[in-house]
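# Fold and geometry: a report
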Amino acid sequence: MSVLSDRDIRAALEDGRVRIEPYDAHDLQPSSVDLHLDRSFRVFRNNRYAFIDVRAPQPDLTELLTIADDEPFILHPGEFVLGQTNEWVELPNDLVARLEGKSSLGRLGLLIHSTAGYVDPGWKGNLTLELSNVANLPIALYYGMRIGQISFFRMSSPVDRPYGSPELGSKYQGQSEPTASAFHRDFDAGRVTEDPPRS
């Protein structure tokens, strides 16, 4: 696997193999593209359920909030919310991508993902951000600010089943807002490991 350089990223964008919308050439870095924060956030409501049950749909666990262009979203210490990139991203079947936070924001205590930094080949959609404040002061977030960077890796060969293939049960293909967890669907689809029968 090799990391795409700025010239390779530029070529992939120009020939349409990678799509980032909107895209500004000023966001192209030596081996990544800067992405920006959208205005929508999904916040957790701890007064609606006694606990998070990963086996059950809990539609009221989170609430979608939207901020105005110049309005700050205040992320408090220890708080966890879902956000998303302003950019829609599409990948071909022979590239994977990594979403990472900006160093300058990490130095303030802002984390942009817990585990969702990996973007599969064939992905289409806005990228959900798992935003955490590990500082001891609130952090103000603004629509349009640079929130992370995406880098691209060329695979040894194109995948047979890209993300979104019907047999994979891809949960988030085509998402256009911060999307709550759909992990409970794994139980419905029988994708949970069970103990083998005992004799």
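Described below are features of the structure shown in this document. Predicted, not measured: the structure shown is a model, and the values here were computed from it. (Residues numbered from 1 in each chain as written. Predicted model: local features only at pLDDT ≥ 70, side-chain atom pairs only at ≥ 80, totals over all residues. Heavy atoms only, no water.)

## Quick word on the pairing of strand β7 (residues 80-90)
Most of β7 is tucked away: eight of the eleven residues are buried. In this structure, strand β4 (residues 40-44) lies alongside β7, joined through two bridges in antiparallel fashion. From the neighbouring strand, Arg-42 faces β7, where its bridge partner is Leu-82. When β7 meets strand β11 (residues 124-133), the two strands line up antiparallel, connected through eight bridges. (Buried < 20%, exposed > 50% of the residue type's maximum accessible area, 1.4 Å probe, protein only. Helix = DSSP H or I, 4+ residues; strand = E, 2+ residues; numbered from the N terminus. Pairing = 2+ DSSP bridges.)

## Comments concerning the nonpolar core
Taken as a class, soluble globular proteins show a tendency for nonpolar side chains to be buried jointly. Counting residues in hydrophobic clusters, the biggest one holds 36 residues, and the most contacted among them are Leu-131, Leu-141, Ile-147 and Phe-152. If we skip the residues at most four places from it in the chain, Leu-131 touches Leu-37, Phe-41, Leu-75, Glu-79, Phe-80, Val-81, Gly-83, Leu-111, Ile-112, Leu-141 and Ile-147. (Core = buried A, V, L, I, M, F, W, Y, C linked by side-chain atoms within 4.5 Å. Contact = heavy atoms within 4.5 Å.)

## A word on the packing of aromatic side chains
Per the stated rule, a full pass over the model turns up three aromatic pairs. Seen from their ring centres, Phe-44 and Phe-80 are 5.7 Å apart, and the 45° between their planes marks the pair as tilted. Placement of Phe-44 in strand β4 and of Phe-80 in strand β7 is noted, with a sequence separation of 36 residues between them. Using a relative accessible area of 32% as the deciding quantity, one classes Phe-44 as partly exposed. (Phe/Tyr/Trp six-rings, centres within 6.5 Å; stacked < 30°, edge-to-face > 60°.)

## So, the pattern of salt bridges
Under the definition given, this model contains nine salt bridges. Ionic contacts of the salt-bridge type, sharing partners, join the residues Asp-27, Asp-34, Lys-102 and Arg-146 into one network. (Salt bridge = Lys/Arg side-chain N within 4 Å of Asp/Glu carboxyl O.)

## Focus: the side chain of Ser-165
When you line up the elements, Ser-165 lands in the loop between β13 (146-154) and α3 (184-188). Only 2.7 Å separates the side chain of Ser-165 from the backbone oxygen of Pro-162, close enough to count as a polar contact. (Polar contact = N/O pair within 3.5 Å; in protein donor to acceptor, adjacent residues only side chain to side chain.)

## So, the pairing of β11
Burial of β11 is extensive: nine of the ten residues sit out of reach of the surface. Note: strand β9 (residues 110-111) against β11, two bridges, orientation antiparallel. Bridge pairing links Leu-111 to Ser-132 in β11.

## With respect to helix α1 (residues 6-14)
Listed in full, the buried residues belonging to α1 are Ile-9, Ala-12 and Leu-13. Projected down its long axis, α1 carries its buried residues within an arc of 100°, all on one side. Along α1, exposed side chains directed more than 90 degrees from the buried face belong to Arg-7 and Glu-14. In this structure, the buried residues of α1 make contact with β2 (19-21), β3 (33-36) and β13. Once α1 ends, the next one or two residues include Gly-16, with phi positive near 80°. (Arc of directions from axis to C-beta.)

## Comments concerning the side chain of Glu-130
By secondary structure assignment, the location of Glu-130 is in strand β11. No salt bridge is formed by the buried Glu-130, whose closest oppositely charged neighbour, Arg-98, lies at an N-O distance of 9.6 Å. For Glu-130, the side chain forms a polar contact with the main-chain nitrogen of Ser-114, separated by 2.5 Å. (Lys, Arg positive; Asp, Glu negative; His and termini not counted.)

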